[in-house]
Structures are given as structure tokens and as C-alpha cells.
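Examination of the molecular architecture
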Amino acid sequence: MKTTKIIATGILAMGLATANLHALDTNERLELLESAMIEQATTPAQKSAVSEYLANVAKEKTELAQALRERAGSTRGGKALSQMNEKKELLRRAEALEKEAKKYQTVSMDLNAKSMQVAQN
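The numbers attached to residues start from 1 for each chain and follow its sequence in the written order. Confidence filtering applies because this is a predicted model: local features only for residues at pLDDT of at least 70, side-chain atom pairs given and counted only at 80 or more, and all residues used for totals across whole chains, interfaces and linings. With hydrogens and water excluded, all non-hydrogen atoms of the structure serve as input to the side-chain values.

**Examining the overall build of the protein chain**
For clarity, the cut-off: Secondary structure elements are taken from DSSP: a helix is a run of H or I of four residues or more, a strand is a run of E of two residues or more, and numbering for both begins at the N terminus. Categorising residues by exposure relies on relative accessible area from a 1.4 Å probe, with only protein chains included: less than 20% of the type maximum marks a residue as buried, more than 50% marks it as exposed, and the intermediate range marks it as partly exposed. Contacts are residue-level and defined by heavy atoms, with any inter-residue pair within 4.5 Å sufficient. Where accessible areas are quoted, they stem from the Shrake-Rupley method and a 1.4 Å probe; at the residue level, only the protein chains shown are allowed to cover.
The helix and strand inventory of the protein chain stands at four helices and zero strands. When the helices and strands of the protein chain are placed in sequence order, the string is α-α-α-α. Buried positions account for 17% of the 121 residues belonging to the protein chain. Taking contacts inside the protein chain between residues at least 6 apart in sequence as the whole, the part at least 24 apart equals 66%. About 9,400 Å² of surface is accessible on the protein chain, with carbon and sulfur atoms providing 59% of the total.

Okay, here's the thing in C-alpha cells:
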């Protein structure tokens, strides 16, 4: 009986360990999908659509960053150290979102310029 439990536990542990190796978080999946969309866009209409999508993502990230900054500026009561740490974390996240938004905006503008160039030819 002990041997069966040990073997079953070992198989379960191996299964869980290998399952985590193949798991991607949501952000990584989204980045892969977006890079595939960018690479597959060949016609001016496709490039324009992808450019519009990326511009919308950049806008959403900028708005979320602004909301985080506003939240960091408000007081909610509680311990001063806790508030200070939360404020730092919110500002760090807002800055990271703004960097991502700039990246999306740059790629969007590049794609839009390429679609205009192809359309003119």
C-alpha cells in the first residue's frame, strides 16, 4: 500500500512539474499573438487594422496608468508606511504601463506609415 501511494504521489508530482513548464502567463500569450498579427499583416487594410488595434491598446494602457497615478495620490487611511509602499508600487506600475503604451504607439505608427506607403505605390 505504501509503495502504491509513493508511486502515485511521484506520478502526480511529475505531472504537475511538467505542466508548469508549458504554461504561459496571459501577458506572454498576448504578446505572442500580437507579434504574429504584426508579422502576418501584409495588405494595407490588414496593416491599418493592426495599427488601429495597437493604438487602442496603447490608449487603454495610458488610461490605466493615469488611473493608477490618481489612486496613488489619494489617501485611504491606515498606516503611513503601508500607504507609502502602496504609492510606490502604484507609481511603478503606472510607469511600466506608460512604457508599454509608448512601445505600442511606436509600433502602431510604424505599421500605419507602412500601410500608407504601400497604398501610395
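Still more ground to cover, so stick around.
**With respect to the nonpolar core**
Convention followed: We call a set of buried Ala, Val, Leu, Ile, Met, Phe, Trp, Tyr and Cys residues a nonpolar core when their side-chain atoms join them within 4.5 Å.
In terms of nonpolar packing, the biggest core is built from eight residues, these being A41, V50, L54, V57, A58, A101, Y104 and L111. Of all the secondary structure elements, the ones that give two or more residues to this core are α3 (44-73) and α4 (80-120). Top contributing element to this core by residue count: α3, with four residues. Apart from residues lying up to four places away in sequence, L111 is in contact with I38, K47, V50, S51 and L54.

**Examining the environment of I38**
Topologically, I38 is positioned in helix α2 (residues 26-40). Overall, the relative accessible area of 28% leaves I38 in the partly exposed class. Along the backbone, I38 and S51 are 13 residues apart, and their C-alpha atoms lie at a distance of 8.6 Å. Not counting the four nearest positions on each side in its chain, I38 is found in contact with V50, L54, V107 and L111.

**Considering the pattern of salt bridges**
Applicable threshold: Salt bridges are identified by distance alone: a Lys or Arg side-chain nitrogen within 4 Å of an Asp or Glu carboxyl oxygen.
Applying the stated rule across the entire model yields five salt bridges. As a salt-bridge pair, R92 and E89 come within 2.5 Å of each other at their nearest N and O atoms. On the criterion of helical spacing, the pair formed by R92 and E89 is a turn pair, its members being three residues apart in helix α4.

**Considering the environment of E63**
Mapped onto the elements of the fold, E63 is located in helix α3. A relative accessible area of 47% places E63 in the partly exposed class. Along the primary structure E63 and A94 are separated by 31 residues, whereas in three dimensions their C-alpha atoms are 9.5 Å apart.

**Here's the deal with the side chain of S108**
How we decide: N or O atoms closer than or at 3.5 Å make up a polar contact, with two conditions inside protein: a donor-capable atom paired with an acceptor-capable one, and, for residues adjacent in sequence, both atoms drawn from side chains.
For S108, the position within the fold is in helix α4. Of the polar contacts made by the side chain of S108, one reaches the backbone oxygen of S51; its length is 2.7 Å.

**Quick word on a nonpolar patch on the surface**
How we decide: Patches draw on residues past 30% relative accessible area with no salt bridge. Two like charges within 9 Å are joined, as are two nonpolar side chains (Val, Leu, Ile, Met, Phe, Trp, Tyr) within 5 Å.
Among the surface-exposed residues, L30, M37 and Y53 lie close enough to one another that they form a single nonpolar patch of about 230 Å² accessible area. Mapped onto the elements, M37 comes out in helix α2. You can call M37 partly exposed: its relative accessible area is 33%.

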